[in-house]
Amino acid sequence: VQLVESGGGLVQAGGSLTLSCAVSGLKFRMYAVGWFRQPTGKARVFVAAITWNGGRQEYADTVKGRFTISRDNTKSTVYLKMNSLKFKDTAVYYCAVGNGGKLNTDGAYEYWGQGAQVTVSS
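Looking now at the pairing of strand β5 (residues 45-50). The element β5 is extensively covered by neighbouring structure, given that five of its six residues are classed as buried. Between strand β4 (residues 32-38) and β5, which pair antiparallel and follow one another directly, the connecting turn spans six residues, one of which, Gly41, has a positive phi of 80°.

As a further point, take the environment of Thr51. Mapped onto the secondary structure, Thr51 falls in the loop between β5 and β6 (57-59). Look at Thr51 and you get buried, because its relative accessible area is 12%. As a C-alpha pair, Thr51 and Lys64 span 13 residues in sequence and 17 Å in three-dimensional space. The contact partners of Thr51, leaving out residues within four places of it in the chain, are Tyr31, Ala32, Arg56, Arg71 and Leu103.

Attention shifts here to the pattern of salt bridges. What the rule picks out here adds up to five salt bridges. Residue Asp89 is joined to Arg37 by a salt bridge in which the shortest nitrogen-to-oxygen separation is 2.8 Å. Within this pair, whereas Asp89 is found in the loop between β8 (77-82) and β9 (91-98), its partner Arg37 is found in strand β4, the two being separated by 52 residues in sequence. With relative accessibility at 0%, the residue Asp89 sits in the buried group. The buried category is assigned to Arg37, whose relative accessible area is 8%. Glu58 serves as the salt-bridge partner of Arg56, at 2.5 Å between the closest nitrogen and oxygen. Look at Arg56 and you get partly exposed, because its relative accessible area is 42%. Using a relative accessible area of 22% as the deciding quantity, one classes Glu58 as partly exposed. Several salt bridges share partner residues, and in doing so they unite Arg37, Arg66 and Asp89 into one network.

Cut-offs used in this document
- Residues numbered from 1 in each chain as written.
- Predicted model: local features only at pLDDT ≥ 70, side-chain atom pairs only at ≥ 80, totals over all residues.
- Heavy atoms only, no water.
- Buried < 20%, exposed > 50% of the residue type's maximum accessible area, 1.4 Å probe, protein only.
- Helix = DSSP H or I, 4+ residues; strand = E, 2+ residues; numbered from the N terminus.
- Pairing = 2+ DSSP bridges.
- Contact = heavy atoms within 4.5 Å.
- Salt bridge = Lys/Arg side-chain N within 4 Å of Asp/Glu carboxyl O.

These figures capture arrangement, not role.
Spelled out as structure tokens, the structure:
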């Protein structure tokens, strides 16, 4: 199983970025997908999640209204559209796939990507 994040980079505050996570090695359409982030020196925290069919999304309060998670099961890819970025959004962003449990917790996910750095300059 492989998860590859892309789309990270450096952006000014107020700007936008879209992260992608391409998944291979499993039946993608059967899995929920989550995004988590880890600022330097801090714990990894939940950002957003989407159910297997895209029918339900969950967001952390810190990103609600600014970030949008979506998926394309024909491409085995999940996206995280990030608008109105703030300095505090700076972190390594990880995507993960899983099949059970609460989607806003690490324990719901079996496989993780290597992460993509997002840096927001103030």
